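Structural description and commentary
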Amino acid sequence: MYNDFRNVMRSVVLAPAKVNLHLAVGEKRDDGFHSIESVFARTDLCDELEVEIAESGVADVQVRGLEGLCGPGKDTMSKAAGIWMRKSGRAVRLLIRCTKRIPSQAGLGGGSSDAASLLLLLDSLYPMEQEKLREVAAEVGSDVPFFLSRSRVAWVTGRGEQVEPVEGVRPLYGALVMPSALKCSTKEAYEALDRLARPAPPAKSLVLEALRLGPARYGRVLRNDFFEVVKTSQPYDSLIRAADGLVGYGALSGSGSCWFFVSEEKTFVDSYIARLGEKNAGRFKSWFVQI
């Protein structure tokens, strides 16, 4: 598209999904956000972004591939590019073709990851002071700073802008499972959660110790507060039962609707996916991932 411009740069970047191995949600803050204590883990399920950048001195962002998900200019990449150009003082033309593999309204951070991957690409070409880049990420969305950090696993607090890498978490195999007839609105999930009483979050030291010991111990400490909102939904009963007798940990990711099951043993994850396929044809879509 930008062949009529000089210095057109073309890149392909991957934007990985995440799961929340743990998510405790605090009360609503004065700024309208909720404080969280969470463990984010990056997976190898990725969107693919083909990006053309033209140095024209004119700000222009076009995103293709998301037509069924949002209107023009309403996606996270357009927002990220606009904020980046404002803060960097640089105007460029961007054409982004997004091959969407991460399901939407899933709690997997697909839109946030797309935005962060674009910011990382722009920063590799036009470096910005890193604190300012983190400010851009936080302004785009609460999950964007995690993806910007490139962490495999991280302890995430504040409203998502405070990211501390966590070392020592063993490699994991996982199944991501989307109920085919269920979508979860983040806004509605938070509103429902605010109507419920919930216990104090576990201490950070206990969470990190459970992570060190492995997924067979996760369930004793880790949790997702949003499960209280969806736990009576029939699809999740089936997803919980499918793990009977398997060594691992299953939970909701983010505010839903994606469920995950992780284990240190690939055979347990294979068995989990096979069980879902045997008894629930058409009810779920699943992905095998590594963390």
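Residues numbered from 1 in each chain as written. Predicted model: local features only at pLDDT ≥ 70, side-chain atom pairs only at ≥ 80, totals over all residues. Heavy atoms only, no water.

1. With respect to the pattern of salt bridges
The line we're drawing: Salt bridge, as used here: a side-chain nitrogen of Lys or Arg that lies within 4 Å of a carboxyl oxygen of Asp or Glu. Exposure is judged per residue with a 1.4 Å probe applied to protein chains only, and the accessible area is read against the type maximum: over 50% gives exposed, under 20% gives buried, and values in between give partly exposed. By the criteria applied, helices consist of DSSP H or I runs no shorter than four residues and strands consist of E runs no shorter than two, each listed in order from the N terminus.
Under the defined criterion, the tally for this structure stands at 17 salt bridges. Across the pair Arg29 and Asp31 runs a salt bridge whose closest N-O atoms are separated by 2.7 Å. According to the relative accessible area criterion, Arg29 is partly exposed, its value standing at 26%. Where Lys187 meets Glu191, a salt bridge forms, and the shortest distance between an N and an O atom there is 2.6 Å. Taken together, the residues Lys187 and Glu191, both in helix H5 (residues 186–194) and 4 residues apart, mark about one turn of the helix. Among the residues examined, Lys187 registers a relative accessible area of 59% and is labelled exposed.

2. So, the nonpolar core
The test is simple: Nonpolar cores were defined as sets of buried Ala, Val, Leu, Ile, Met, Phe, Trp, Tyr and Cys residues, with membership established by side-chain atoms within 4.5 Å. Contacts are assigned to residue pairs with any non-hydrogen atoms lying within 4.5 Å of each other.
With 57 residues, the main nonpolar core has Trp84, Leu119 and Tyr272 as its most contacted residues. With 7 residues, helix H2 (residues 110–125) is the single largest residue contributor to this core. With residues near it in sequence (within four places) discarded, Leu119 still touches Ala80, Trp84, Leu133, Val136, Ala137, Val144 and Leu148. Grouped together as the second largest cluster of nonpolar side chains are 29 residues, Ile102, Val153, Trp155 and Leu172 included.

3. Things to note about the pairing of strand S3 (residues 60–64)
Worth spelling out the cut-off: A pair of strands counts as paired when DSSP detects no fewer than two bridges linking them.
Two elements, S3 and strand S4 (residues 93–99), share 5 bridges in a ladder whose sense is parallel. Each bridged residue has a counterpart across the sheet, and for Val61 the counterpart in S4 is Leu94.

4. As for the environment of Ala106
As for its placement among the helices and strands, Ala106 is situated in the loop between S4 and H2. Taking the relative accessible area as the measure of exposure, Ala106 reaches 2% and is therefore buried. The spacing of Ala106 and Trp259 is 153 residues in sequence and 8.5 Å in space, taken between C-alpha atoms. Setting aside its immediate chain neighbours within four residues, Ala106 contacts Met178, Ser253, Gly256, Ser257 and Cys258.

5. Here's the deal with the pairing of strand S6 (residues 162–165)
Here 4 bridges tie strand S5 (residues 153–157) to S6, and the two strands are oriented antiparallel to one another. Considered in S6, the bridge of Ala154 is made with Pro165. Hairpin connection between S5 and S6: a loop of 4 residues separates the two successive antiparallel strands, and Gly158 in this loop has a positive phi of roughly 70 degrees.

6. Let's talk about the sheet that holds strand S8 (residues 249–252)
Threshold: Interaxial angles span 0 to 180 degrees and are taken between N-to-C directions of axes, which are lines fitted to C-alpha atoms, for helices over the stretch in contact.
Spatially, S8-S9-S7-S10 is the arrangement adopted by the 4 strands of the open sheet, whose pairing is antiparallel. The open sheet has two edge strands, S8 and strand S10 (284–290), and neither has a second partner. On average, each strand axis in the sheet is inclined to that of its neighbour by 20 degrees, with strand direction left out of account.

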